[in-house]
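Report on the structure
The chain contents come next:
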Amino acid sequence: MPVVGYKPVEKAIILAAGSGRRIGGGVPKSLTQVGGRPILHRVLEQLASAGVRETVLVVGHRSNRIRTSIGSRFADMDVVYVPVDRYDSTNNAYSLWMARHHLDQDIFVLDGDVVFDSDLLVRLAAASDDAASGVSALRPGMNGTVADVDASGRIVEFLSTHDRIDVPRTARKTVNVHVLRAKYLREEFVPLLEELVTAGGCNEFYEQVLALTVRRGNYTVRAVDCTDIRWYEVDDVSDVIAADYVFSARADRLPFLEGLHGGYWRFDIADHRLMINPYFPPGELIQQLADDLTQSLTAYPLGSAALQRLLAAVVGVPAEHLVVANGASELITALGRILEDVALVVPGFNEYEAAFARTRGHHIELAPPEFRFDSRRCVEQATRTQAKAVVVTSPNNPTSIAVPREDLLLACKLLADQNMRLIVDESFVDFHSADSSVLDELSTHPNLTVIKSMSKAYGVGGLRLGFLATADTVLRERVLAELPVWNINGLAEAFLRRLPGFADQYQASIARVRHDRAEFYRELRTVPGVTVLEPDANFVLLRLLGTRTAREVTEELLHRHGVLVKDCTNKSMPDAHRYIRISCRTAAENTRVIAALTAVLSTAE
């Protein structure tokens, strides 16, 4: 149903001269595929459905490709072309100026790299002001032009996030779709555009004309909030990926995100899938890394031997026992190439099962509902299968239950008697307690190896840092032989170098996580329809009691509330389809996910 006050706009101009170098430039930018369809096709269909009868395409880079793809009629709408001769050395102010003779009636003006739903056009056309610009709440990853909006909804200033950091709270991201009314075009916009271009502003943006309009105050530019409408501006390949998600079908969204394995910050979701310390690194450390950035990017990092000395200062283990890696996953993959006949305590981190899939692997299952580790039972099963090594994660992923230190050491001793190795993944041990690690027992237990991802506890998933520690010289040398000399980057090296100076802040951040986790656990226990395992790490495992599966609940949380959690269906555990894992973040974020989960589970099945 049309919005009250809707005034049909029957003409549009699309600025589609760009080459899209940051996307690859193989096709004109406006023909970039989003969700399997060219952006321009989508936009023209939306314009036609909103009542536009004629669209002017301003073209430049490989314009013949656009003409062939679109033709003179598209979606029962006339299409007119305006060629730009200097598209590779000018900006959109010049492109629009080339089509100025078409600025003769109420018109939509939009960039050819924006994909959106037709509701956006209807909402813009309903604005009765001299001009209106689509705006949206600022989200992570957005940059470019923003509009500062007053309490009445009028735009009072156009700003660029590239030029300033102190963007006001009232600022909104411009969608780059505008409606300009005939009187305003005739009396101010076109004359000002003419002045801008003829004065040498061929490489400027036409939004500068709108900015001058709001400063003059003779005409009103309305901000039309489109936050609730699907749209995306595509500038580079990352934007293409994000737009693919935004315009994907509901059933495809969760598999899409799962296939990315990270980078969720680019999407408008609350990420309770990845387990990261939200309170580290502190701002001072981040600033020091920023100060190091030029050198970190341009210089080769230290080789592995020197890096081990940096790491030793952080973890308190002799450098000759350490291997620094590009995340724990690199080490797990290396062990998968080295070791055979490995028994995996499951459920556990799936990367271990993937790494040892080619070898004669074995499973030692932890029994629900407690999923407790039994040292003697573990050794008996490993002995029976003639395994040469056992891998156990403590605290476990996904159960979040830690193995007591004395139980691990007992298992280590019993396995040594059978000439077997024990590999303990301690990626989440810092969230448990200071004395639960077995890292200090390497010298007394030569068959013990510890793996740790630093990304989780130190909150630096993007740096990809991890390490292996062992007094087993043969195993250590074999792992080192699997890795290149330079396997971590300069920024990760700078982080390791700076880290010892922030030991107190790190411990304080861990204490905050433990506090939040305890409260998170208490509140989750009040949610009807779930059983909650008491956690030792920074995430919680829940068993669903109703008839809905983990997949169904995970999908509902994403689609209805924008919350992403881990569906444990692919974990090696009984009734895996009944379990979901939720990471603990800040108190406010935890409150939101609890409310979302309660709402989903309270819906009649």
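The structure reproduced in this document is the subject of the present report. Just so it is clear, the model here is predicted, and its values are computed rather than measured. (Residues numbered from 1 in each chain as written. Predicted model: local features only at pLDDT ≥ 70, side-chain atom pairs only at ≥ 80, totals over all residues. Heavy atoms only, no water.)

Before going further, it helps to examine a nonpolar patch on the surface. A cluster of nonpolar side chains, Val237, Ile241 and Leu260, forms an exposed patch at the surface whose accessible area comes to about 210 Å². Inspection of the secondary structure assignment puts Val237 in helix 7 (residues 237-246). (Patch = residues over 30% accessible without salt bridge, like charges linked within 9 Å, V, L, I, M, F, W, Y side chains within 5 Å. Areas by Shrake-Rupley, 256 points an atom, 1.4 Å probe, with all protein chains shown as cover. Salt bridge = Lys/Arg side-chain N within 4 Å of Asp/Glu carboxyl O. Helix = DSSP H or I, 4+ residues; strand = E, 2+ residues; numbered from the N terminus.)

The biggest cluster of nonpolar side chains holds 69 residues, and the ones touching the most others in it are Tyr458 and Phe495. Here the element with the most residues in this core is helix 15 (residues 405-417); it accounts for 6 residues. Grouped together as the second largest cluster of nonpolar side chains are 54 residues, Leu40, Phe116, Ala243 and Leu257 included. (Core = buried A, V, L, I, M, F, W, Y, C linked by side-chain atoms within 4.5 Å. Buried < 20%, exposed > 50% of the residue type's maximum accessible area, 1.4 Å probe, protein only.)

Attention now goes to the packing of aromatic side chains. As enumerated under the stated definition, the model contains 13 aromatic pairs in all. Relative to Phe267, the ring of Tyr245 lies with its centre 4.9 Å away and its plane at 75 degrees, an arrangement referred to as edge-to-face. Residue Tyr245 is found in helix 7, and its partner Phe267 is found in the loop between helix 8 (250-260) and strand 15 (270-271); the two are separated by 22 residues along the sequence. Across the pair, Phe267 and Tyr245 agree in class, each one buried. In textbook terms, an aromatic cluster arises when at least three aromatic residues are bridged by ring pairs, as seen for Phe280, Tyr458, Phe495 and Tyr506. Its end group placed over the ring of Tyr94, Arg86 keeps NZ or CZ at 4.7 Å from the ring centre. (Phe/Tyr/Trp six-rings, centres within 6.5 Å; stacked < 30°, edge-to-face > 60°. Lys NZ or Arg CZ within 6 Å of the ring centre and 35° of its normal.)

Within this structure, the stated rule accounts for 34 salt bridges. In this structure, Asp292 and Arg498 form a salt bridge, with 3.0 Å as the shortest nitrogen-oxygen distance. Of the two residues, Asp292 is situated in the loop between helix 9 (283-291) and helix 10 (293-298) and Arg498 in helix 18 (residues 490-498); the sequence distance between them amounts to 206 residues. For Arg498, a relative accessible area of 25% translates into the label partly exposed. One salt bridge in this structure joins Glu441 and Arg405, with 2.7 Å as the shortest N-O distance. Taken together, the positions of Glu441 in the loop between strand 20 (421-425) and strand 21 (448-453) and Arg405 in helix 15 put the pair 36 residues apart, joining distant regions of the chain. According to the relative accessible area criterion, Glu441 is buried, its value standing at 15%. One salt-bridge network, held together by shared partners, links Glu258, Arg273, Arg551, Glu555 and Asp567.

Considering the arrangement of structural elements, one finds Val530 in strand 23 (residues 530-532). Measuring from C-alpha to C-alpha, the distance between Val530 and Leu542 comes to 6.2 Å, with 12 residues separating the pair along the chain. In this structure, Val530 is in contact with Leu524, Leu542, Arg543, Leu544, Leu545 and Leu601, ignoring residues within four places of it in sequence. (Contact = heavy atoms within 4.5 Å.)

Attention now moves to the sheet that holds strand 20. Read across the open sheet, the 7 strands follow the order 16-22-21-20-19-17-18; overall the sheet is mixed. If you trace the sheet from one side to the other, it starts and ends with strand 16 (322-325) and strand 18 (362-365), each paired once. Adjacent strand axes in the sheet meet at a mean angle of 20 degrees, parallel and antiparallel pairs treated alike. Pairing of strand 21 with strand 22 (residues 466-470), which is carried by 5 bridges, proceeds in the antiparallel orientation. Along strand 22, the bridge assignment pairs Val450 with Ala469. Packing against the sheet, helix 14 (residues 375-384) makes contact with strand 17 (342-346), strand 18 and strand 19 (389-393), and its axis sits at approximately 160 degrees to strand 18. Along the sheet, helix 17 (residues 473-482) contacts strand 16, strand 20, strand 21 and strand 22; its crossing angle with strand 16, the most-contacted strand, is approximately 25 degrees. (Pairing = 2+ DSSP bridges. Axes fitted to C-alpha atoms, helices over the stretch in contact; angles between N-to-C directions.)

Another point: the packing of helix 7 against helix 8. Taken N-terminus to C-terminus, the directions of helix 7 and helix 8 make an angle of 155 degrees; their axes are 9 Å apart at the nearest point. Here helix 7 is positioned roughly antiparallel relative to helix 8, judged by the angle of their axes. Residues Ile241, Asp244, Tyr245 and Val246 of helix 7 pack against Arg253, Phe256, Leu257 and Leu260 of helix 8. Split into classes, the residues belonging to the contact of helix 7 with helix 8 amount to 6 nonpolar, no polar and 2 charged. (Parallel < 35°, antiparallel > 145°, perpendicular 65-115°, else oblique. Nonpolar A, V, L, I, M, F, W, Y, C, P; charged D, E, K, R; others polar.)

All right, on to helix 5 (residues 182-198) then. Along an α-helix, residues three or four apart share an orientation, since each turn contains 3.6 residues. Compared with the 24 Å implied by 1.5 Å per residue over 17 residues, the 22 Å span of helix 5 between its first and last C-alpha is a close match. Maximum bend of helix 5: about 40 degrees, positioned at Phe189, with proline Pro191 one to four residues after it. For helix 5, the secondary structure elements touched by its buried residues are helix 3 (92-98), strand 7 (107-111), strand 9 (131-136), strand 12 (171-180) and helix 6 (207-216). (Expected span 1.5 Å × (residues − 1). Bend = angle between axes of the 7 residues up to and from the residue.)

Before going further, it helps to spend a moment on the sheet that holds strand 26 (residues 566-567). One open sheet holds the 4 strands; their spatial order is 23-24-27-26, and the pairing between them is antiparallel. This sheet does not close on itself; its edge strands, each paired only once, are strand 23 and strand 26. Pairing of strand 24 (residues 539-544) with strand 27 (residues 579-583) involves 5 bridges; the strand directions are antiparallel. Directly across from Val540, in strand 27, lies its bridge partner Ile582.

Attention now goes to the state of the cysteines. By definition, a disulfide links two cysteine residues through a covalent bond between their sulfur atoms. The final tally for this structure, using the stated rule, is 0 disulfides. As a non-bridged cysteine, Cys412 has Cys378 as the owner of its nearest cysteine sulfur, 11 Å distant. Of all cysteine sulfurs in the structure, the one in Cys568 sits closest to Cys584, which takes part in no disulfide; the separation is 16 Å. (Disulfide = S-S within 2.5 Å.)

Turning to the layout of surface pockets, a few remarks are in order. Looking at the second largest pocket, its volume works out to about 1400 Å³. If you go around the second largest pocket, you meet 46 residues; those closest to its centre are His261, Gly262, Tyr264, Leu274 and Met275. Counting only elements with at least two residues in the lining of the second largest pocket, the list comes to strand 15, helix 12 (328-338), helix 13 (350-355), helix 16 (454-458) and helix 21 (587-602). (1 Å grid on protein atoms, 1.4 Å probe; cavity = no way out; pocket = protein on both sides within 12 Å on 5 of 7 lines; lining within 4 Å. Points joined across faces, edges and corners; volume = space filled by probe spheres on them.)

Okay, unusual backbone geometry next. Along the chain, Val346 connects to Pro347 via a cis peptide bond; the corresponding omega equals 5 degrees. Note that Pro347 resides in the loop between strand 17 and helix 13. The omega torsion of the bond from Pro368 to Pro369 falls at 5 degrees, within 30 degrees of zero and hence cis. With a phi close to 60 degrees, His261 is a non-glycine residue in the positive phi region. On the secondary structure map, His261 appears in the loop between helix 8 and strand 15. Unlike most non-glycine residues, Phe371 shows phi in positive territory, near 55 degrees.

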